[in-house]
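# Fold and contact review
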Amino acid sequence: VWAVPEDTLAMLVERIEAGALADTEPRHEALRVCLDRLRAEDRMLILNRYIADQNLDRLARESGRKKDSLKVSLHRIRAVLKACMNRRIQPGQEFA
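One structure accompanies this document, and this report is about it. Quantities reported herein were computed from a predicted structural model and do not represent experimental measurements.

### Digging into the overall build of the protein chain
When helices and strands are counted, the protein chain shows five helices and zero strands. Scanning the protein chain from its N terminus toward the C terminus, one meets helices and strands in the order α-α-α-α-α. Here the protein chain holds 96 residues, and 30% of them are scored as buried. A separation threshold of at least 6 residues defines the contact pool for the protein chain, and within that pool the share at least 24 residues apart is 65%. For the protein chain, the exposed area adds up to about 6,700 Å²; of that, 52% sits on carbon and sulfur atoms.

Set out below in structure tokens:
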């Protein structure tokens, strides 16, 4: 597990809070709940990759992990999020 710089954490929190306040769509609420249920290191990996828009090379450098290992982790985390969200939303709105 690697430390996330304070400025990165602050930016992530601001974006998440802004999104949560601006959007009450059920899918976004499901995503928020599902993200909260992830292990802390998995949640930070997803947030750093997609919210902070960090590329795999940078994530690998900062985490000390191999790029291929991160790809596999991200794939698995996305699968967990998809399954969680499909359980939380109404029938007929499943994610592909």
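### So, the state of the cysteines
For the structure shown, the criterion picks out one disulfide. A disulfide bridge connects C34 with C84, and the sulfur atoms are separated by 2.0 Å. The chirality of the disulfide connecting C34 with C84 is left-handed, given an S-S dihedral of about -85°. Here C34, found in helix α2 (residues 26-37), pairs with C84, found in helix α5 (residues 67-88); they are 50 residues apart in sequence, far enough to count as distant. Judged by relative accessible area, which is 6%, C84 ranks as buried.

### Remarks on the pattern of salt bridges
The full count for this structure, using the stated rule, is five salt bridges. The salt bridge involving E41 is made with R39; its shortest N-O contact spans 3.2 Å. Exposure remark for E41: the relative accessible area of 33% places this residue in the partly exposed category. Given the relative accessible area of 51%, R39 is considered exposed.

### Topic: the nonpolar core
In terms of nonpolar packing, the biggest core is built from 16 residues, with L45, I46, L70, I77 and L81 touching the most fellow members. Where this core is concerned, the elements lending two or more residues are α2, α3 (40-51), α4 (56-63) and α5. Here this core gets six residues from one element, more than from any other, and that element is α5.

About the cut-offs
Residues numbered from 1 in each chain as written. Predicted model: local features only at pLDDT ≥ 70, side-chain atom pairs only at ≥ 80, totals over all residues. Heavy atoms only, no water. Helix = DSSP H or I, 4+ residues; strand = E, 2+ residues; numbered from the N terminus. Buried < 20%, exposed > 50% of the residue type's maximum accessible area, 1.4 Å probe, protein only. Contact = heavy atoms within 4.5 Å. Areas by Shrake-Rupley, 256 points an atom, 1.4 Å probe, with all protein chains shown as cover. Disulfide = S-S within 2.5 Å. Salt bridge = Lys/Arg side-chain N within 4 Å of Asp/Glu carboxyl O. Core = buried A, V, L, I, M, F, W, Y, C linked by side-chain atoms within 4.5 Å.

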